Amino acid sequence: MDSLDKLIKPDALKRPAPFWSWNDKLDEAELRRQIREMADKGWGSYFMHSRVGLVTGYLSDEWFDLVNACADEAEKTGTYAWLYDEDKWPSGFAGGEVPEKDKAYRSRALVFVRKGTATDNDEVLCSITYRGTEYDICKRIAPLGDLWFNGASYVDLMSPDAVREFINCTHERYKQHCSAHFGKAIPGIFTDEPCYLAQHRYDVPVVPWSDFLPDFFMQLKGYDLTQKLPQLFVDIDDYKKVRFDFYDAATELFKRSFTKQYYDWCGENNLLMTGHFMAEDGLVYQTQWSGDVMSHYEFMHWPGVDKLCRVVPSDQLVTIKQVASAADQLGKERSFCEVFGCVGGQVSFFHRKWIGDWQAALGISFVNHHLSLYSMRGERKRDYPANLFYQQPWWTDEKEFADYEARVCAAVSEGDRLVDVLLVQPLTSVWSEYTPLHKSASESPERIYDEAFTDISSKLMAQKIDFHFGNENLMANHASVEVKTFKIGKHSYSCVVVPPASNIKSHTLELLKQYAANGGKLIFTGALPTMVDGVETAVDIAGCTIVSDVNEAVNEVSGIFPARIKVTDKYTGDNAPEVFIHSRKVGGSIRHLIVNTSEQRPVRSTISISGNQPMAVFDLFDGSLYKLETKAGIIDINFAPAGSILIICGEEAKQAFQSVPVVLGSGICFTDFTQSLPKAVIDKFDCRVLEDNILLLNDMTLELGGKAVYEGPVCGAWHKHFYKAEDGTKFKATYKFFSECTVENTFAAIEVAENLDSITFNGQSVKALKEHGELGAFDPAKSWKDINFTKVPLPVIKKGENTLVIEGKKVNNITEPGLHRRIPDWREHEATEAEEVYLAGKFSLAPVSDGQYVITEFKEPVGKNLTDEGFPFYCGRALLSSEFDMPEKSAGRLYLKLNRANLASAVVKVNGKVCGTLRWMPYTIDITDMVKPGKNKLELDIATTLVNCFGPNRRTGIKQETGIGPGNFVDMSKFKHGYELFEFGLDGVSIFGVE
């Protein structure tokens, strides 16, 4: 099966590659150990990414030594060590070094301020009266002192000089120290969210600026921009023309100064340039931050985007379609996505499959996980969770999932994508209208184009009509017309659709006229554009079709492609809009990835595929190939939420001989178990927890400098008291809890406990199991879960009130949520934390008033929901065991199904033999070969996540929030005294027979 080998066993560069958070004082032995962990779990790469909390000097000699050590370990493990180009993000300031070197490198912007309110950093360029008030338009140079940029500022990425200095400070140093690994163990470098305007640093109306822009604008547009500045803000005179020209020029200057220069350096030094730009999510956002993100992809080897939060919204569909379109058209090897940031600590496998399959259907072929933490201590654990790494209880079950993700990426990167529709991007219409003075939807005509573009994109995908975006700047360099075919780079289209658009570039217009004149299918939505290059123009295109709205446009395209794959929802009898299709031609085969993009809704479907070619199913979960028998290309398939299937038509399908099983590991059933009675139901288990229970101590009294400054939840003390204290300030944190019984053999997990001056428990001095300042590789005998959660053995917990006190000198580099300061003497830095404490032992917990828990005698949980059964903060695994009777050997197959499962994963054993691991719906697995007549023993090794222990868990509505970042942990406006905890357990198991 040579043609399928790349699907069965994908190579390392198709495997998951996390952002590996370098966020503490780094130790070579621990870095190497973590690489081995990643390799063992099927990950192929990792991005060595400075993140919040970094102690080791960024770009110091030791930094480069560690990078080289990781490249060495990469060679040993068959993985790849990618560089990352900044200390946090956005890229360009070299941890603060570039803006500190020269004021000329600092970022510029035009700000619109009331007359007389200009700051010392502003230069008034002109004035205007707007709605009866006088305003100044000023050039503002970013001052130093911005904590986001390590006390420096952002830089001007439209300045070729500033970008060159950034490359000198960063890339050239990597070249000096690590070039022996370039193009080998170090394949490339990631740039993160560069932009021509760091808009989040301004609280007034603002547009991008550079001292290089006026001359460049004059060369490109032929007139003096400085005489037209009011039009960038206020709707006067020829403002549409000025804005079109302005954003066109600013985009081009940014592209030449930053992206092209960066891309050329990487090409000359045998590195792949990858990463993503700031604010790709919509056309208005791009205008504000980066101009035209899609056109930058011409100058990236592996262009990318990011996809944040636990949602799959339509505007992010546009984001991914942009990068996949450009990559396909320009023949880029991979489309890249930084994904899973902000999804929340409860996420393990199911949500990653859901989001990962959705983005694969849209064209993403390289998955960059956000985030895997080197260290979880302090602020680091709150760094846009989830933390997807060795600290998780489900980590031992990661390998199969990594294999699955790798196969999905291989499935959407081999061969050529089958796309016949081009959707023109109406970005220049947004440019012509946009002003930062628009404060509401009624004032923002540019948003009409953004929303309609998103709407038509979503509806085309829902109708199983795949398409590419046509970016006008890329089309200027790569588009042509050949008879009735419209071409961009490698791809040809027989149908071109223009969504609602008021403006079009002159070059695009000429291409479309030629295409329509040759008889090509050209559809305009609403009306023809009324402007060309920002100038009111009577546009006339003979031979085009004009439809009234987006819905009619989608219907028109549907009529052009009646033979496409159809997916009918059996419940509604209509098209199943949640199901997306990605088709590719590989040799003599066509491969169709078909994905249910719904998080919650299963889809019972009938799929119709035209043609008489042989068909097969490739199970992306385990790499098996099955023969698919159909009647006239009609297949009945039941998709679980986030279920997916790869159907192969043509030559490769001839290699399949086995019949399709009832259940595929990718979330597919070919039968409906709800229509038959189970042969056995198990609803009672013996449950045994496999790790210590945890009492979370997250209320404390804090003293600083001998004075009590705070009492309450720990989260209220970090940024108001502890982090703000001067380094060296003596602190004392007191934690109290109650127990109804005495408990022996417990320990407290205290973050960097070895660096404290004193730890007492009920007045008795206790000692950490690590020595002061001890680094080294993770040792579970000394640490709990994480390298910096040090075990402190405790005396007997007494009945009644117990008190734990930690004392030390505050030493910490955190400045704000998600931010840190550089440490000049970092080698001597021995950090301390005033954090939650994790009390571990063999006990149970009972709730009392105001969300408090009291320790009780240990009692094994039932297993239905450990959170309510005395283990509310448990973050480990549990073993559920039971017996079931199977009177006689079944003639068919036996399938086990988990009922109401609230867990990350479940390893299923029958009679001591592993059947497999379940991670998502339908939670069903074949157990036939392990079952014997008579009594059978069932064991389920189930894992939870870290979320109940590490939170945020005292926040109203946290379960419904889809985007979790550092602020969610400290926003006291939603604080609650009780807890919002996730369930962990299983209602029962059903066993079905299928003839």
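Further up the page is the structure itself.
Parameters and conventions
Residues numbered from 1 in each chain as written. Predicted model: local features only at pLDDT ≥ 70, side-chain atom pairs only at ≥ 80, totals over all residues. Heavy atoms only, no water. Pairing = 2+ DSSP bridges. Helix = DSSP H or I, 4+ residues; strand = E, 2+ residues; numbered from the N terminus. Axes fitted to C-alpha atoms, helices over the stretch in contact; angles between N-to-C directions. Phe/Tyr/Trp six-rings, centres within 6.5 Å; stacked < 30°, edge-to-face > 60°. Buried < 20%, exposed > 50% of the residue type's maximum accessible area, 1.4 Å probe, protein only. Lys NZ or Arg CZ within 6 Å of the ring centre and 35° of its normal. Contact = heavy atoms within 4.5 Å. Polar contact = N/O pair within 3.5 Å; in protein donor to acceptor, adjacent residues only side chain to side chain. Disulfide = S-S within 2.5 Å. Salt bridge = Lys/Arg side-chain N within 4 Å of Asp/Glu carboxyl O.

**Some thoughts on the sheet that holds strand β26 (residues 566-569)**
Judged by pairing direction, the sheet is antiparallel, and its 5 strands sit side by side in the order β26-β29-β32-β36-β35 without closing on themselves. The sheet is open, and its two edges are formed by β26 and β35 (663-664), each paired on a single side.

**Side note on the sheet that holds strand β5 (residues 122-130)**
Strand order in the open sheet made by the 4 strands is β5-β6-β4-β8, with antiparallel pairing throughout. Each edge of the open sheet carries a strand with a single partner, namely β5 and β8 (206-209). Recorded for the sheet is a direction-independent mean angle of 25° between the axes of neighbouring strands. Pairing between strand β4 (residues 108-114) and strand β6 (residues 133-141): 7 bridges, direction antiparallel.

**Some details on the packing of aromatic side chains**
Enumeration according to the criterion identifies 65 aromatic pairs in this entry. Seen in terms of ring centroids, F112 and Y130 are 5.9 Å apart; in terms of plane orientation they differ by 80°. Their pairing is edge-to-face. Of this pair, F112 sits in strand β4 while Y130 sits in strand β5, and the two are 18 residues apart along the sequence. Summarising the burial analysis for this pair, F112 and Y130 share the class buried. Aromatic side chains F389 and Y390 sit 5.1 Å apart centroid to centroid with 80° between the ring planes, which places their arrangement in the edge-to-face category. Of the two residues, F389 and Y390, neither departs from the other in class, the shared state being buried. One aromatic cluster is present, built from ring pairs that chain together W43, F349, F389, Y390, W394, W395, F401, Y404, F621, F778 and W920. Lying across the ring of Y390, R33 places its NZ or CZ 4.5 Å from the centre.

**So, the environment of S127**
Structurally, S127 is set in strand β5. Note on S127: relative accessible area 38%, which makes it partly exposed. Considering only alpha carbons, one finds S127 and F975, 848 residues apart in sequence, at a separation of 46 Å. Beyond its immediate chain neighbours, meaning those up to four positions away, S127 contacts K115, Y135 and D136. Within the structure, the side chain of S127 is placed 3.0 Å from the side chain of K115, a separation counted as a polar contact. Side-chain polar atoms of S127 contact the side chain of D136, separated by 2.6 Å.

**A closer look at the pairing of strand β3 (residues 80-84)**
With 4 of its 5 residues buried, β3 lies for the most part within the structure. Pairing of strand β2 (residues 45-50) with β3 involves 3 bridges; the strand directions are parallel. Its bridge partner being in β3, F47 is matched across the sheet by W82. Relative to strand β7 (residues 188-192), β3 is paired through 2 bridges, and the arrangement is parallel. Note that in β7 the partner of Y84 across the bridge is F190.

**A word on the state of the cysteines**
What the rule picks out here adds up to 0 disulfides. Of all cysteine sulfurs, the one in C178 lies closest to C169, which takes part in no disulfide; the gap is 16 Å. Looking at C875, it has no disulfide partner, and the nearest cysteine sulfur is the one in C949, 4.1 Å off. The exposure class of C875 is buried, given its relative accessible area of 1%.

**A few points about the pattern of salt bridges**
Going through the model one piece at a time under the given rule, you end up with 80 salt bridges. Put simply, K228 and D238 hold a salt bridge, and the shortest N to O gap is 3.0 Å. Taken together, the residues K228 in the loop between α7 (213-221) and α8 (239-268) and D238 in the loop between α7 and α8 connect sequence positions 10 residues apart. Note on D238: relative accessible area 30%, which makes it partly exposed. A salt bridge links E835 to R382, with the shortest nitrogen-to-oxygen separation between them at 2.9 Å. Remark: R382 occurs in the loop between β13 (372-373) and α13 (398-411) and E835 occurs in the loop between β49 (819-820) and β50 (837-841); sequence separation between them is 453 residues. Comparing E835 with R382 shows no difference in burial state: the two are buried.

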